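Residue-level structural notes
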Amino acid sequence: MPSPGSAQESVPASRRSKITPERAQELYTAVLDLLRESGYESLTMEGIASRTRCGKSTLYRQWGSKPELVVAALHGTRRTLLSDIDTGSLSGDLHEAARAVDAASGADTALMHALSHAALQNPDLLCALRSALIAPSIAAIDAMVERAVRRGEIDADNPAADYVAAQILGIMRARPLLEGRYTDEAFLTRFIECAVLPALGLTPPASPGSGAR
C-alpha cells in the first residue's frame, strides 16, 4: 500500500514529460552546479527551474521531488576519475591520482561537502552519492594496490594495503574542515610520500636535487 503523501512524491511514467537525454544532462549539470554553489538545503526546484529555463511543473512531473532529482543527477553524471590510471608502479599510480584529484577537487570535493549532511538523513541520496563519487574512486585505488601486490611491490599481507583508499579519500574530505582548503596536488603528494608509501614499505621517490647540499 502506498505510504501517505506518496502520490505527491512520485508520478506515473505515463504522465511524465518527455525530456531528451541531452536536455536531461543539462538539467543534471545545473543541479550539481547549484549544489556546489549553495548547498543542498538551499537548493529548490524553483531555483533549478530558473537556472535551466525549465518549468517547475515539468521537473516535478519528471522526477517527483528534489531528492529524486538530485539522485538522478548524481547517477546521470557518474564518471570514473581514477580508473584509467596505470603507470606500472604503485607510487606512479598514486602520484598520478594526486594530479587527477587536483584537477577535479573544486568540483567533486565541493559536491561531497554540499551533500554529506543531507545524505546521512536520506538513504537513497547516500546510496547515490556513494555510487557516483565514492565507490568508483575506492575501486580504482584498490585496483592500483592489487596490481602492486601482483607485481611484488608490496606484500599481500601488509595490513596497510587495506587502508590506502581510506587514507587518500579521507584526507581529501578532512583538509577543507581542518585548513579551509581543498586537497591539491602538492598537499596530496606530500601525504602520499610521508604517510601512504612508508606504511606500505615503499620508499618515496627522491625529489629533484634532494641529494645536493
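Residues numbered from 1 in each chain as written. Predicted model: local features only at pLDDT ≥ 70, side-chain atom pairs only at ≥ 80, totals over all residues. Heavy atoms only, no water.

1. Points about the packing of aromatic side chains
Applying the stated criterion across every chain yields a total of 1 aromatic pair. Taking NZ or CZ as reference, K66 lies 4.1 Å from the ring centre of Y40, over its face. Over the ring of F187 we find R175, and its NZ or CZ is 3.9 Å from the ring centre. (Phe/Tyr/Trp six-rings, centres within 6.5 Å; stacked < 30°, edge-to-face > 60°. Lys NZ or Arg CZ within 6 Å of the ring centre and 35° of its normal.)

2. Considering the side chain of R175
Mapping R175 onto the fold places it in helix 8 (residues 164-179). Sequence-distant contacts of R175, that is, excluding residues within four places in its chain, are made with G180, R181, Y182, T183, D184 and F187. (Helix = DSSP H or I, 4+ residues; strand = E, 2+ residues; numbered from the N terminus. Contact = heavy atoms within 4.5 Å.)

3. Concerning the nonpolar core
Grouped burial of nonpolar side chains is what soluble globular proteins tend to show. Ranked by size, the top nonpolar core spans 32 residues in total, and within it L35, V70, L74, L115 and L125 carry the most contacts. Residue assignment for this core shows that the elements contributing at least two residues are helix 2 (21-38), helix 3 (45-52), helix 4 (56-63), helix 5 (66-76), helix 6 (90-120) and helix 7 (123-151). In terms of residue count, helix 2 provides more of this core than any other element does, 7 residues in total. Not counting residues within four places of it along the chain, the set of residues in contact with L125 comprises Y40, V70, V71, L74, L115, A118 and A119. Counting residues in hydrophobic clusters, the runner-up holds 29 residues, among them L90, V101, A160 and L200. (Core = buried A, V, L, I, M, F, W, Y, C linked by side-chain atoms within 4.5 Å. Buried < 20%, exposed > 50% of the residue type's maximum accessible area, 1.4 Å probe, protein only.)

4. Re the pattern of salt bridges
All told, the structure shown has 12 salt bridges when counted by the stated rule. Across the pair E179 and R175 runs a salt bridge whose closest N-O atoms are separated by 3.0 Å. Taken together, the residues E179 and R175, both in helix 8 and 4 residues apart, mark about one turn of the helix. Classification of E179 as partly exposed rests on a relative accessible area of 41%. Exposure remark for R175: the relative accessible area of 4% places this residue in the buried category. (Salt bridge = Lys/Arg side-chain N within 4 Å of Asp/Glu carboxyl O.)

5. Details of the packing of helix 8 against helix 9 (residues 185-199)
Axis separation between helix 8 and helix 9 bottoms out at 11 Å; the angle between their running directions is 130 degrees. Taken as axis vectors, helix 8 and helix 9 run oblique relative to one another. Pair helix 8 / helix 9 crosses with right-handed handedness. Contacts between helix 8 and helix 9 pair V164, Q167, I168, I171, R175 and E179 from the former with F187, L188, F191, A195 and V196 from the latter. Classifying every residue of the contact of helix 8 with helix 9 gives 8 nonpolar, 1 polar and 2 charged. (Axes fitted to C-alpha atoms, helices over the stretch in contact; angles between N-to-C directions. Parallel < 35°, antiparallel > 145°, perpendicular 65-115°, else oblique. Left-handed = near helix turned anticlockwise from the far one by under 90°. Nonpolar A, V, L, I, M, F, W, Y, C, P; charged D, E, K, R; others polar.)

6. Overview of unusual backbone geometry
Positive phi outside glycine occurs at R53, with the angle close to 55 degrees. Note that R53 resides in the loop between helix 3 and helix 4.

7. What to know about helix 8
Relative to the 22 Å expected for 16 residues at 1.5 Å per residue, helix 8 spans 22 Å between its end C-alpha atoms, a close match to the ideal helical length. Largest kink in helix 8: about 30 degrees, centred on R173, with the proline P176 one to four residues after it. For helix 8, the complete set of buried residues consists of V164, A165, I168, I171, M172, R175 and P176. (Expected span 1.5 Å × (residues − 1). Bend = angle between axes of the 7 residues up to and from the residue.)

8. Overview of the confidence of the model for the protein chain
Averaged over every residue, the pLDDT of the protein chain is 84; the share at 70 or more is 87%. Below pLDDT 50 for its whole length, residues 1-15 participates in 9 contacts with residues either more than four positions away or in separate chains. (pLDDT = per-residue confidence, 0-100.)

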